[in-house]
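The chain contents come next:
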Amino acid sequence: MKDLLAEIWESIKRNKLRTVLTGFAVAWGIFMLIVLLGAGNGLMNAFNQQGERFATNTMAVYGGRTSQPANGYEAGREIDLNDNDIKITQSAAFDEHVDDVSAILFKGPFILKFHNQHVSSNLNGCYPKYQEMSKIEMLAGRFINQYDLQYHRKSMVLAASHASQLMNGGEDYISLVGKTITADDNTWVVVGVYKTDKSSQRVDEYVPITTLQMMQNAMNYEDEIVFTFHGLETEEDNNQFEEYYRTAINKAHKAAPDDQSSIWIWNRFTQNMQMNKGTGILRKALWVLGIFTLVGGVVGVSNIMLITVKERTREFGVRKAIGASPWEIMKLILAESVSITAFFGYVGMFLGMVACEVMQMTVGQSSVEFFGEKIRLFVNPTVGLDIAIGVTVVLIIAGTLAGLSPAMKAAKIRPIEALNET
């Protein structure tokens, strides 16, 4: 083994520039593959982090306008959701898939006042389950509860940004909990403060839906129905459920069963599926691009081995003339090929991992402001050590295969022909 390594080292020393250039191609290939995968992971992690702000197994239903005449009504009739639609959603017809059901009633704008501070806002009447469905993060106090609904309490959950304004720019949210504020002519008790989603175009307050319905003379009326579901794993399953659900709601409002415009359904699950398809395509594209870059380095190794065999034809002939076996000749070429590929492959892997860590400390910590919310474009743009080592091992195997053809060519050299080589 010592003699073999010494021969490899002598061969590399004789062709320093050529070896370095070939090795650079190998290192660059694996470096780019790891960096591309890291950047792709960073983008996809950022997308996933944004998606975690909502429960993905959720559907939101909104009233629309009919697009076709039905049951004596002309097209263009406005459909308003009501308590009966909630009962339909909770009925036995859908309980196989539907879990929790909530609703939203939007009213406003109102002028919220606390002492001499005021802010304009809308009130969202809702059910307690809405917090879990929309992943509303409480900073102080609590969210709307069942007793608020049952007793029509004037309880309000403030947005942190509005709470800060009412506190004259302060961040002392806890001190507002339990205090009373006015919304136009009505007094409300602040029961909690939630973290503001600044990426949303609307920042509203939450109150019990039953209280808002009574105060606004909007009994039996909702602007939006939201429910979580389970057991709908494929896009086809979701489409079939939506069609069945739409038909039931349309019939309740005497609209055509197949009218697609009478209600609007926003399915966060299928939206998330489409996003996952997009990120899957991105991941595959990055792998393909990186692998092609890597193949360029492997081809370079094969070429340099062919050149080496050509240049050392006379040497190999002498070796065979004095008793060297074809396997010994092949072993020499293969060992040199694997040595170059392995050494520069691990160099490229190391530099790629370092580049990913640098990306994490720089780009991974930066963010852009979108509607006042800081959103990170890259989240943990790194590659797992297992993937990096696995790719490098595959590269070494590829380097072995790259040297196989030149090695076989060297092994077939006939001593008499090699000695006549000039």
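Here the structure is shown first, and the text comes after it.
About the criteria used
Residues numbered from 1 in each chain as written. Predicted model: local features only at pLDDT ≥ 70, side-chain atom pairs only at ≥ 80, totals over all residues. Heavy atoms only, no water. Helix = DSSP H or I, 4+ residues; strand = E, 2+ residues; numbered from the N terminus. Buried < 20%, exposed > 50% of the residue type's maximum accessible area, 1.4 Å probe, protein only. Contact = heavy atoms within 4.5 Å. Areas by Shrake-Rupley, 256 points an atom, 1.4 Å probe, with all protein chains shown as cover. Pairing = 2+ DSSP bridges. Phe/Tyr/Trp six-rings, centres within 6.5 Å; stacked < 30°, edge-to-face > 60°. Lys NZ or Arg CZ within 6 Å of the ring centre and 35° of its normal. Salt bridge = Lys/Arg side-chain N within 4 Å of Asp/Glu carboxyl O. Patch = residues over 30% accessible without salt bridge, like charges linked within 9 Å, V, L, I, M, F, W, Y side chains within 5 Å. Expected span 1.5 Å × (residues − 1). Arc of directions from axis to C-beta. Core = buried A, V, L, I, M, F, W, Y, C linked by side-chain atoms within 4.5 Å.

A. Fine view of the overall build of the protein chain. A tally of regular secondary structure across the protein chain gives 13 helices and 12 strands. Residues classed as buried in the protein chain amount to 45% of the 422 residues present. Long-range pairs, those at least 24 residues apart, make up 77% of the contacts in the protein chain between residues at least 6 apart in sequence. Working note: accessible area of the protein chain is about 21700 Å², and carbon and sulfur atoms make up 58% of it.

B. A look at the pairing of strand β1 (residues 58–63). Bridge analysis of β1 against strand β9 (residues 224–229) gives 5 bridges, and the strand direction is antiparallel. By the bridge assignment for β9, Val61 is matched with Ile225. Bridge count for β1 against strand β10 (residues 263–267) is 5 bridges, and the pairing is antiparallel. Within β10, the residue paired with Tyr62 across the bridge is Trp264.

C. Spatial organisation of the packing of aromatic side chains. This model, assessed by the stated rule, comprises 14 aromatic pairs. Every member of this aromatic cluster is reached through a ring pair, and the members are Phe94, Phe227, Phe241, Tyr244 and Tyr245. The ring centre of Tyr73 lies 4.2 Å from the NZ or CZ of Arg77, which sits over that ring.

D. Spatial organisation of the pattern of salt bridges. With the rule as written, the count across this model stands at 5 salt bridges. One salt bridge in this structure joins Asp100 and Lys129, with 3.7 Å as the shortest N-O distance. Of this pair, Asp100 sits in strand β2 (residues 98–114) while Lys129 is found in the loop between β3 (117–126) and α4 (130–134), placing the two residues 29 residues apart along the sequence. By relative accessible area, which is 37% here, Lys129 ends up partly exposed. Here Asp148 makes a salt bridge to Arg153, at a shortest N to O gap of 3.4 Å. Since its relative accessible area comes to 35%, Arg153 is described here as partly exposed. Salt bridges sharing common partners tie together Asp100, Lys129 and Glu132.

E. View of a nonpolar patch on the surface. A grouping of Tyr346, Leu385, Ile389, Val393, Ile397, Leu401, Leu404 and Met408 is seen on the molecular surface, where their side chains present a nonpolar patch of about 700 Å² in accessible area. Among the elements that line the nonpolar patch, the one with the most residues is helix α12 (residues 385–411), at 7 residues. In this structure, Tyr346 sits in helix α11 (residues 326–361). For Tyr346, a relative accessible area of 36% gives the class partly exposed.

F. How the structure looks around helix α8 (residues 235–252). For α8, built from 18 residues, the straight-helix expectation of 26 Å at 1.5 Å per residue is met to within 8% by its first-to-last C-alpha distance of 26 Å. Those residues of α8 lying buried are Asn238, Phe241, Glu242, Tyr245, Arg246, Ile249 and Asn250. Around the axis of α8, the buried residues are gathered within 160 degrees of arc, so they sit on the same side. Away from its buried face, by an angle of more than 90 degrees, α8 presents the exposed residues Glu236, Glu243 and Lys251.

G. Molecular detail of unusual backbone geometry. Look at the link from Gly108 to Pro109: it is a cis peptide, with omega at 5 degrees. Among the secondary structure elements, Pro109 is positioned in strand β2. The backbone of Asn71 shows a phi angle near 50 degrees, a positive value even though the residue is not glycine. The topology assignment puts Asn71 in the loop between β1 and α3 (83–89). With phi around 55 degrees, Asn217 is a residue other than glycine that occupies positive phi space. The residue Asn217 is located in the loop between α7 (209–215) and β9 in this model.

H. Region of the structure containing the side chain of Thr228. Along the polypeptide, Thr228 turns up in strand β9. The contact partners of Thr228, leaving out residues within four places of it in the chain, are Asn57, Thr58, His97, Val98, Asp99, Asp100 and Met133.

I. Structural detail: the environment of Leu105. With respect to the element layout, Leu105 can be found in strand β2. Residue classification places Leu105 among the buried residues on the basis of a relative accessible area of 0%. Spatially, the C-alpha atoms of Leu105 and Pro208 are 9.5 Å apart, while their sequence positions differ by 103 residues. Beyond its immediate sequence surroundings of up to four residues, Leu105 is in contact with Leu123, Asn124, Gly125, Ile209, Leu212, Gln213, Ala218, Tyr221, Glu222 and Asp223.

J. Here's a closer look at the pairing of strand β5 (residues 155–159). Counting buried positions over the 5 residues of β5 gives 5, a clear majority of the element. Here β5 shows a buried face lined by Ser155, Val157 and Ala159 and a second buried face lined by Met156 and Leu158. Strand direction decides the pairing type here: β5 and strand β7 (residues 186–194), joined by 5 bridges, are parallel. Counted as the bridge partner of Leu158 is Val193 from β7.

K. Molecular detail of the nonpolar core. Membership of the largest hydrophobic core comes to 45 residues, with the highest contact counts inside it found for Leu158, Ile181, Phe227 and Tyr245. The leading source of residues in this core is β2, at 7 residues. The residues touching Leu158, leaving out its near neighbours within four places in the chain, are Leu112, Ala163, Leu166, Leu176, Ile181, Val190, Gly192, Val193, Tyr194 and Glu205. Counting residues in hydrophobic clusters, the runner-up holds 20 residues, among them Ile30, Val298, Ala388 and Val391.

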